[in-house]
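Commentary on secondary and tertiary structure
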Amino acid sequence: MHIDTLKNLAIDALEELKARDITQLDVAKLTEVTDLMLIASGTSTRHVAALAQNVVEKAKASGLHLRGVEGGDNADWVLVDLGDVVVHIMLPEARALYDLERLWADLPNDAGAISESLKKFEERATMS
């Protein structure tokens, strides 16, 4: 499925159940794990679970094979892995604590810089 179609499917599923503050992050140049991250907030653990379940159901109805779902019914953060799109659904408190938007924005945006940062990190880790 084309990434824009996949993104729209996930956003529509989130909006259908009134997810809050939906944000998309293009991380294609930062990681090989996924191309796009969607981050949304729910109002309670029950709402977070329902939002995640709706994304899963819409994806399956479109014939998609999910790579995985992490978190559960009483979780403050549920991750739905659709492959090229990863959906993070969080309570506002968890979202503020982990601050994925800032975390991903602060990463170097080219492979050379990422490799250099990783090399420096590994050097410091072995020195400690």
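Residues numbered from 1 in each chain as written. Predicted model: local features only at pLDDT ≥ 70, side-chain atom pairs only at ≥ 80, totals over all residues. Heavy atoms only, no water.

A few words on the overall build of the protein chain. Counting secondary structure elements, the protein chain contains five helices and five strands. In the protein chain, the succession of helices and strands from N to C terminus is α-β-β-α-β-β-β-α-α-α. Per-residue burial for the protein chain yields a buried fraction of 37% across its 128 residues. When the accessible surface of the protein chain is totalled, it reaches about 7,800 Å², and 50% of it is carbon and sulfur. (Helix = DSSP H or I, 4+ residues; strand = E, 2+ residues; numbered from the N terminus. Buried < 20%, exposed > 50% of the residue type's maximum accessible area, 1.4 Å probe, protein only. Areas by Shrake-Rupley, 256 points an atom, 1.4 Å probe, with all protein chains shown as cover.)

The next thing to look at is helix α1 (residues 3-16). With 14 residues, α1 should reach 20 Å at 1.5 Å per residue; the first-to-last C-alpha distance of 20 Å fits that figure. Looking at the buried residues of α1, the elements they touch are β1 (20-26), β2 (36-41), α2 (45-61) and β5 (85-90). Backbone geometry just after α1 places Lys18 at a positive phi near 65 degrees. (Expected span 1.5 Å × (residues − 1). Contact = heavy atoms within 4.5 Å.)

This part covers the sheet that holds strand β3 (residues 68-70). One open sheet holds the five strands; their spatial order is β1-β2-β5-β4-β3, and the pairing between them is mixed. Single-partner strands in this sheet number two, and they are β1 and β3. The sheet shows a mean angle of 15 degrees between the axes of neighbouring strands, taken without regard to direction. The pairing of strand β4 (residues 77-81) with β5 spans five bridges and is antiparallel. In the strand pairing of β5, Asp81 is matched with Val86. (Pairing = 2+ DSSP bridges. Axes fitted to C-alpha atoms, helices over the stretch in contact; angles between N-to-C directions.)

A separate point is the environment of Ala28. Here Ala28 is to be found in the loop between β1 and β2. Ala28 gets classed as partly exposed once you look at its relative accessible area, which sits at 37%. Linking Ala28 and Asp84, residues 56 residues apart in sequence, is a C-alpha distance of 8.9 Å. Among all residues touching Ala28, those that are not within four sequence positions of it are Thr34 and Asp35.

Most often, soluble globular proteins have nonpolar side chains that are buried together. Counting 25 residues, the largest nonpolar core has Leu14, Leu38, Val55, Val80, Leu82, Val87 and Ile89 as its most contacted members. Residue assignment for this core shows that the elements contributing at least two residues are α1, β2, α2, β4 and β5. Not counting residues up to four positions away in its chain, the partners in contact with Ile89 are Leu14, Ala40, Val48, Leu51, Ala52, Asp76, Trp77 and Val78. One finds Leu25, Met37, Met90 and Leu100 within the second-largest nonpolar core, a separate group that totals nine residues. (Core = buried A, V, L, I, M, F, W, Y, C linked by side-chain atoms within 4.5 Å.)

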